[in-house]
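These are the residues of each chain, in order.
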Amino acid sequence: MSAEELVARHQPTLDAALAAIRTREYFSAYPESPSPRVYGESAAPAGQAAFDAWLGQDFPLEIPGADGRIATERSPYGPDLGVRYPRITADGLDALLSSARDAMPSWREAGPAVRSAVCVEVLARLHARVFALANAVQHTTGQAFVMAFQAGGTHALDRALEAIAYAHEEQNRTPATAYWEKPAGKGEPLRMTKTFHIVPRGVALVIGCNTFPTWNSWPGLFGSLATGNAVVVKPHPHAVLPLAITVQTAREVLSELGFDPNLVTLAAEDPADRLAQDLAVRPEVKIIDFTGSSEFGSWLEDNARQAVVYTEKSGVNTVVVDSTDDFAGMCRNLAFSVSLYTGQMCTAPQSIFVPREGIGTDEGHKSFAEVGAGIATAVEKLLADDGRAVEVLGAVVNAGVLGRLDAASSHGEVVLASRALQHPAWPEATVRTPTIVALDAGDTEVYSAECFGPVSYLIATDSTEASIALLRDTVSDHGGMTASVYSADEKVVQAAEQAAMDAGVALSVNLTGGVFVNQSAAFSDYHGTGANPAANAALIDGAFVAQRFRIMQSRRHA
């Protein structure tokens, strides 16, 4: 297929994505339902078979600089995956990075239109493998299958397409050529022709996370690739397979279209190697995308000075409860938000501020204790049936989450105790329901730190005004990806909105229906703001892609 044919094939998808980022209206290019009515009867079995075929085998990738193979993944549902990947160590970085740099010149010269089309073709191939990807995400993150299909598959594809659209828009903001004429006072005017070249920064490094390896990695990966950079993908050792499938697919497409496949490489490691630190400070690496702990994210920002660094780190997500005209709906919405994927989401609510004197509701006045009891009862009702509960909760991803959950009860009064569930299909899975612990506003040392996992704090404050002040201060000082307010008083909502703007966090207001604070829609919702300590960038806006390339000009007299 020629470059022109590829551009024509994917132009409608790209045009629709470009329209969506300008209007912020609903758009999705990839159907989110795994139903056979959408994907056909054979899609799910074929995806399961593809996943099963990788288990215990050498994954079909050859990477420059690799030395042997490494297998590091155990499913949160129990079994070892045993997939063996080409292992990169510090000794192989010269070969890996030189191959990436050598692949870039022809990719740069291809231009934005071709690069966008190639990237959309990669997404189309990944979409064709979405059931295999969903199995890989499920068994590396602990997400339930439907969530893995959506968050790890179709929604992640939408976020990747969004990054490509923004990259395309930013690269085409400047014309390729310009004729410049400056009138002169006497004689002929000054005339020049100018050419503007899109020049990639260099090698990009994507450092994957354990819980959302595709959703969090694909925006940076495709944002860098679409702007002309080579990309090294360094997956979390416990979540390699989803990104190995990504890299394999990208290399396949690049090779078929005549580009060097080493534009996209995988750097799988032994966990003891701490390869990300070595890669991050290499002079060849000019862009870094990272999702994970504040400790390592801050280290990257402080030490990888040769690179543009995009980080999403830990934060404390807050909810202000002032009043509500739908108490049952509020409790149901919060119950689902704290339960989804066992709270193992950077957007899950943690600190719920409630006046100690209680709140007004459509069911009359509710005391602080009754608010807690209402949310706890909603959680219990949501998770009453074990078979349904495991499809909401998934599995605990690692021992750190379990340790924080077990320690939470010592911090205050337990409003809702966590309980262990037996997964009907995966008896070795660790499945736990959320806990809710009551605190006082003075317990700042507890609730001002992120407790990643299924732990929520119900915090008694002196007033709604005090709750809003705590929202502002907590997010400003410690970061937050989301914030919420529940109030029937528009003045309170406006005050919360002002506090959220001051703190630099997105706000959700009176969510009682089928939209939840820990979900964000591609092409419409910004994930993170880059305006508080939880993240220094947003997914996705123009700033997220604009620094991945530079514009170089040449000029001459006309």
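Note that the coordinates shown come from a computational prediction; the quantities given were computed from them, not determined experimentally.

Chemist: Before we go on, may I ask you to explain the pairing of strand E4 (residues 190–200) in this structure?
Modeler: Side-chain direction in a regular strand flips from residue to residue, so the side chains alternate between the two faces of the sheet. As paired elements, strand E3 (residues 177–182) and E4 share six bridges and run antiparallel to each other. Each bridged residue has a counterpart across the sheet, and for Trp-180 the counterpart in E4 is Met-192. Pairing of E4 with strand E22 (residues 549–557) involves nine bridges; the strand directions are antiparallel. Each bridged residue has a counterpart across the sheet, and for Val-199 the counterpart in E22 is Arg-550.

Chemist: Is there a simple way to think about the sheet that holds strand E13 (residues 359–361) in this case?
Modeler: Across a sheet, strands are paired by hydrogen bonds formed along the backbone, either parallel or antiparallel in direction. Spatial strand order, E11-E13-E14: three strands in an open sheet with mixed pairing. The open sheet is flanked by strand E11 (323–324) and strand E14 (364–366), the only strands paired with a single partner.

Chemist: Sorry, what's going on with the pairing of strand E12 (residues 351–355) here?
Modeler: Counting buried residues in E12 gives five out of five residues, a clear majority hidden from the surface. Side chains Ser-351, Phe-353 and Pro-355 project from E12 onto one buried face, and the interleaved Ile-352 and Val-354 project onto a second face that is buried too. Relative to E12, strand E10 (residues 318–321) is paired through three bridges, and the arrangement is parallel. Across the sheet, the residue bridging to Thr-318 is Ser-351, located in E12.

Chemist: It is not clear to me how unusual backbone geometry should be interpreted in this structure. Could you clarify?
Modeler: Most of the time, phi is negative for any residue but glycine, and the peptide bond is trans. Looking along the chain, the bond that leaves Leu-539 and enters Ile-540 is cis, with omega of 0 degrees. Mapping Ile-540 onto the fold places it in the loop between strand E21 (507–509) and helix H19 (542–546). The phi torsion at Arg-24 lies on the positive side, around 65 degrees, for a residue other than glycine. Turning to its location among the elements, Arg-24 is positioned in the loop between helix H1 (3–23) and helix H2 (36–39).

Chemist: I'm lost on the environment of Glu-170 in this one. Help?
Modeler: Counting through the fold element by element, Glu-170 comes out in helix H7 (residues 145–171). A relative accessible area of 14% places Glu-170 in the buried class. Residues Glu-170 and Asp-102 lie 68 residues apart in sequence; the distance between their C-alpha atoms is 25 Å. When residues no more than four places from it in sequence are discounted, the contact partners of Glu-170 are Gly-542, Val-545, Ala-546 and Phe-549. Within the local environment of Glu-170, its side chain forms a polar contact with the side chain of Arg-173, the two groups lying 2.9 Å apart.

Chemist: Looking at this structure, how should I read the packing of helix H6 (residues 130–141) against helix H9 (residues 241–256)?
Modeler: Describing two packed helices takes the angle between their axes plus the distance from one axis to the other. Running from amino to carboxyl end, H6 crosses H9 at an angle of 150 degrees, the nearest separation of the two axes being 8 Å. Between H6 and H9, the interaxial angle falls into the category roughly antiparallel. Taken together, the residues of H9 that come into contact with H6 (itself represented by Ala-132, Leu-133, Ala-136, Val-137 and Thr-140) are Leu-241, Pro-242 and Ile-245. Taken together, the residues of the contact of H6 with H9 break down into seven nonpolar, one polar and no charged.

Calculation criteria
- Residues numbered from 1 in each chain as written.
- Predicted model: local features only at pLDDT ≥ 70, side-chain atom pairs only at ≥ 80, totals over all residues.
- Heavy atoms only, no water.
- Pairing = 2+ DSSP bridges.
- Helix = DSSP H or I, 4+ residues; strand = E, 2+ residues; numbered from the N terminus.
- Buried < 20%, exposed > 50% of the residue type's maximum accessible area, 1.4 Å probe, protein only.
- Contact = heavy atoms within 4.5 Å.
- Polar contact = N/O pair within 3.5 Å; in protein donor to acceptor, adjacent residues only side chain to side chain.
- Axes fitted to C-alpha atoms, helices over the stretch in contact; angles between N-to-C directions.
- Parallel < 35°, antiparallel > 145°, perpendicular 65-115°, else oblique.
- Nonpolar A, V, L, I, M, F, W, Y, C, P; charged D, E, K, R; others polar.

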